[in-house]
Amino acid sequence: MRFSPDEPHGPGAPHVPQPPREPRTPRKKVWVTAVAATTALAGALTALLLLLSGNGGTSPHPVSADEAQRMALARFRAYEASPSEVTVRLPAAETGDGTITVRAVVDHHVRRAVGAYEIVDDTRTVQGLLAWDLEGLAVARPPAAAPGAEPGRTTARPPAPDIVTTAAGAVRRAGTLKREEWTRRPYSTAPLDRALRLVLSVAADRPDNAELLARSGPLWLRDERLDGHGYGVFSGPHPGPSASASPADDSALTYWIDTDGNLRRVTARMSPGHYATVDFVATRVRTDVPGAPWTKG
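Because the structure is a prediction, the values reported are computed rather than measured.

Novice: Explain the pattern of salt bridges to me, please; I cannot follow it from the model alone.
Specialist: Side-chain pairs of opposite charge can arise where the charged atoms are in close proximity. Considering all chains together, one arrives at 11 salt bridges under this definition. For Arg 206, the salt bridge identified is with Asp 205, shortest N-O distance 3.2 Å. The partly exposed category is assigned to Asp 205, whose relative accessible area is 45%. Of the charged contacts in the structure, one is a salt bridge between Asp 279 and Arg 264, with a shortest N-O distance of 2.9 Å. Note that Asp 279 is positioned in strand β13 (residues 274–282) and Arg 264 in strand β12 (residues 263–271), a separation of 15 residues in sequence. By relative accessible area, which is 6% here, Asp 279 ends up buried. On the basis of relative accessible area, Arg 264 is assigned to the buried category, the value being 12%.

The following block contains the structure:
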C-alpha cells in the first residue's frame, strides 16, 4: 500500500491538516517570461530613440516608385493651383550679408509674376515693385533707401505710403502703371534673376513621367513638418540620366512635397553655402496678374 504524504501513517494516528502547497512555476516558463520582458523593454527604448531621431532612422535613398509618382505630380499640382502667392528669399550678396525678399503673385498659366521686393543690408533698405516673365524682368520704380537708415543698422520707421510691401499690394499697384513706367531688361546670371526664373519653372501643364524622373537620380532625404503639415523632402533630379543614385549625390534643388503631390517649398543652391528659398504661401488666390508691363497702353 502506498501512503499519501498527507495521510496518517498508522492506525490511530491523529490527522494533522497540512496547508496547501503553492504550485511550482516551471523554470522554463520563468525564463521565457523574463526574456519577453527584456525584449519588450528593448523594443520600447528603440522606438523612443527612433522617435527622437525625427526620421525613423531612415537615411536618404533613391526614390521609390510611389515617391517618384509624388514628385512627378508636383509641377502639375503647382500649375493647377495657380495663381499662387509666393515668397522668395535669398542672400543679398555672395558673402551672405543682408537679404532679398520678394513677395509676389505668380500665374503659371501665363508665365508671369508681379511682386514687391525688399533688399536689406547693414547700411540700407531698398524697396520697390518688379515683374517678370520668361523673357526677363521689369522694375517699376528706381530703388530708394528707406528714410532713417544708418550704417550698421536698419531703419525701424514704417515704410513710406507709396512703398508696396505685400503681394496683393504689388498686384494692385502694377495694375495702375502704364507700360512706359516700367524699366525692362533681360535676365542675367545674378542670384535674384535665377531665383525669379525658378519661380516660373516649377510648374507644368501636365505631370512629369515618373519612370524617367526616377532614372534621373532624385533622392528622398527626410520627412519634415511646415506650418503643422507633413512633407517629404526630396533632392531634385540631376541634369543627366542616371541608372541609380547614391546618397552622396548632391543636387542644387530641394523640394518639399506632401503626400498628394502638392509643392510647398523649393530651395536652390546659388553658390556654396548660399540658397534661395521659394515658399508657396497661398494657392488659387483671387488676384490676376495685370497686363503691364507686357501689354501696350
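Novice: When you look at the packing of aromatic side chains in this model, what are you seeing that I'm missing?
Specialist: Centre-to-centre distance and the angle between the planes together describe a pair of aromatic rings. Counted under the stated rule, the structure contains zero aromatic pairs. Seen from the ring of Trp 256, Arg 265 lies directly overhead, with NZ or CZ sitting 5.5 Å from the centre.

Novice: Where do I start with the pairing of strand β3 (residues 99–107) in this structure?
Specialist: Regular strands show a simple pattern: their side chains alternate between the two faces of the sheet. Along β3, seven of the nine residues are buried, which leaves the element largely enclosed by surrounding structure. Looking at chain direction, strand β2 (residues 84–91) and β3 are connected through eight bridges and run antiparallel. Bridge assignment links Arg 89 to a residue of β3, and that residue is Thr 101. In the sheet, β3 pairs with strand β4 (residues 112–120) via nine bridges, with the strands oriented antiparallel. Bridge pairing in β4 links Asp 107 to Arg 112. Between the antiparallel neighbours β3 and β4 lie four residues, among them Arg 111 with a positive phi of about 60°.

Novice: Help me understand the nonpolar core, please; the structure alone is not making it clear to me.
Specialist: Nonpolar side chains in soluble globular proteins generally cluster together in the buried interior. Grouped together as the largest cluster of nonpolar side chains are 39 residues, with contacts concentrated most on Val 102 and Trp 132. Top element by residues in this core is helix α4 (residues 191–201). It accounts for six residues. Membership of the second largest hydrophobic core comes to 18 residues, among which are Val 114, Ala 138, Ala 140 and Trp 182.

Analysis parameters
In every chain, residue numbers begin from 1 and rise along the written sequence. Whole-chain, interface and lining totals are the exception, using all residues; otherwise, since this is a predicted model, local features are given only for residues with pLDDT of at least 70 and side-chain atom pairs are given and counted only at 80 or more. Hydrogens are left out, water is left out, and the side-chain values use all remaining heavy atoms of the structure. Only one rule defines a salt bridge in this text: a Lys or Arg side-chain nitrogen within 4 Å of an Asp or Glu carboxyl oxygen. Only protein chains enter the calculation, and the probe is 1.4 Å; a residue is then buried if its accessible area is under 20% of its type maximum, exposed if over 50%, and partly exposed in between. Each helix corresponds to a stretch of at least 4 residues labelled H or I by DSSP, and each strand to a stretch of at least 2 residues labelled E; elements are numbered beginning at the N terminus. The pairing test for Phe, Tyr and Trp rings, Trp by its six-membered ring, is centres within 6.5 Å, and the orientation test on the planes gives stacked under 30 degrees, edge-to-face over 60, and tilted for anything in between. Only Lys NZ and Arg CZ are tested; either one counts as a charge over a ring when it is within 6 Å of the ring centre and within 35 degrees of the ring normal. Here the rule is simple: two strands pair whenever DSSP picks up at least two bridges between them. Take the buried Ala, Val, Leu, Ile, Met, Phe, Trp, Tyr and Cys residues and link them wherever side-chain atoms come within 4.5 Å; each set so joined is a nonpolar core.

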